[in-house]
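Secondary and tertiary structure notes
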Amino acid sequence: MSHNVSSATQAALQDTIAQYDPIIGIISPPRCSSTAFARVFWQHPAIRYYAHEPFEVTYYLNEDVTTVAQQLNQPLDLAALEEARQSRQRTQPFVPARSDQQNHLT
């Protein structure tokens, strides 16, 4: 790691590496379908956690890499999100609108 990174940040990044193995990173310029690519990955059972653009805080908010390490250590749990989504579907059945309801005049 770089000598410009604090020891606390280095420790946090090492914790990330130890906790989430392997780590897959998608690096792309803006507007190149990286989110669509990530969503394809989310469908694979080997992909469990997701941290959305953790480095953007260094650019937009002028935060240091410590904030990035914190975000990487608190990713979204994709399995828990999917379980919650399926639970909502079981408790709130989908009722499609009839096509004639929107334009029906009586």
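Up top is the structure these notes are about.
In short, a report on the structure. (Residues numbered from 1 in each chain as written. Predicted model: local features only at pLDDT ≥ 70, side-chain atom pairs only at ≥ 80, totals over all residues. Heavy atoms only, no water.)

Take unusual backbone geometry next. Of note in the backbone geometry, Arg 31 takes a positive phi value of approximately 60 degrees without being a glycine. Of note, Arg 31 is situated in the loop between helix H1 (7-19) and helix H2 (34-42). For Ser 33, which is not a glycine, the phi torsion comes out positive at approximately 70 degrees. By the secondary structure assignment, Ser 33 is in the loop between H1 and H2. A residue is classified by how much of its surface remains accessible, and Ser 33, at 52% relative accessible area, is exposed. (Helix = DSSP H or I, 4+ residues; strand = E, 2+ residues; numbered from the N terminus. Buried < 20%, exposed > 50% of the residue type's maximum accessible area, 1.4 Å probe, protein only.)

Here helix H5 (residues 78-91) spans 20 Å end to end across 14 residues, near enough to the 20 Å set by a 1.5 Å rise per residue. Between a side-chain oxygen at the N-terminus of H5 and the backbone nitrogen of Ala 79 the separation is 3.1 Å; the capping residue is Asp 77. (Expected span 1.5 Å × (residues − 1). Polar contact = N/O pair within 3.5 Å; in protein donor to acceptor, adjacent residues only side chain to side chain.)

Now for H1. Helix length check: H1 (13 residues) gives 18 Å between terminal C-alpha atoms against 18 Å at 1.5 Å per residue, within 8%. Burial in H1 covers these residues: Thr 9, Ala 12, Leu 13 and Thr 16. Buried residues of H1, seen end-on, are gathered within an arc of 95 degrees and therefore sit on one face of the element. Facing away from the buried surface of H1 by more than 90 degrees, the exposed residues are Ser 7, Ala 8 and Ala 18. Those residues of H1 that are buried lie in contact with helix H4 (65-72). (Arc of directions from axis to C-beta. Contact = heavy atoms within 4.5 Å.)

According to the stated counting rule, one finds 2 salt bridges in the structure shown. Between Arg 48 and Asp 77 there is a salt bridge, and its shortest N-O distance comes to 2.7 Å. Residue Arg 48 is found in the loop between H2 and strand S1 (49-50), and its partner Asp 77 is found in strand S2 (residues 76-77); the two are separated by 29 residues along the sequence. Note that Arg 85 and Glu 82 form a salt bridge whose closest N and O atoms lie 2.5 Å from each other. (Salt bridge = Lys/Arg side-chain N within 4 Å of Asp/Glu carboxyl O.)

With that settled, the discussion passes to a nonpolar patch on the surface. A contiguous nonpolar surface patch, about 460 Å² in accessible area, is contributed by Tyr 59, Tyr 60 and Leu 61. Tracing the backbone through its elements, the reader meets Tyr 59 in helix H3 (residues 56-60). (Patch = residues over 30% accessible without salt bridge, like charges linked within 9 Å, V, L, I, M, F, W, Y side chains within 5 Å. Areas by Shrake-Rupley, 256 points an atom, 1.4 Å probe, with all protein chains shown as cover.)

Note that all results are geometric; they support no functional claim without further evidence.
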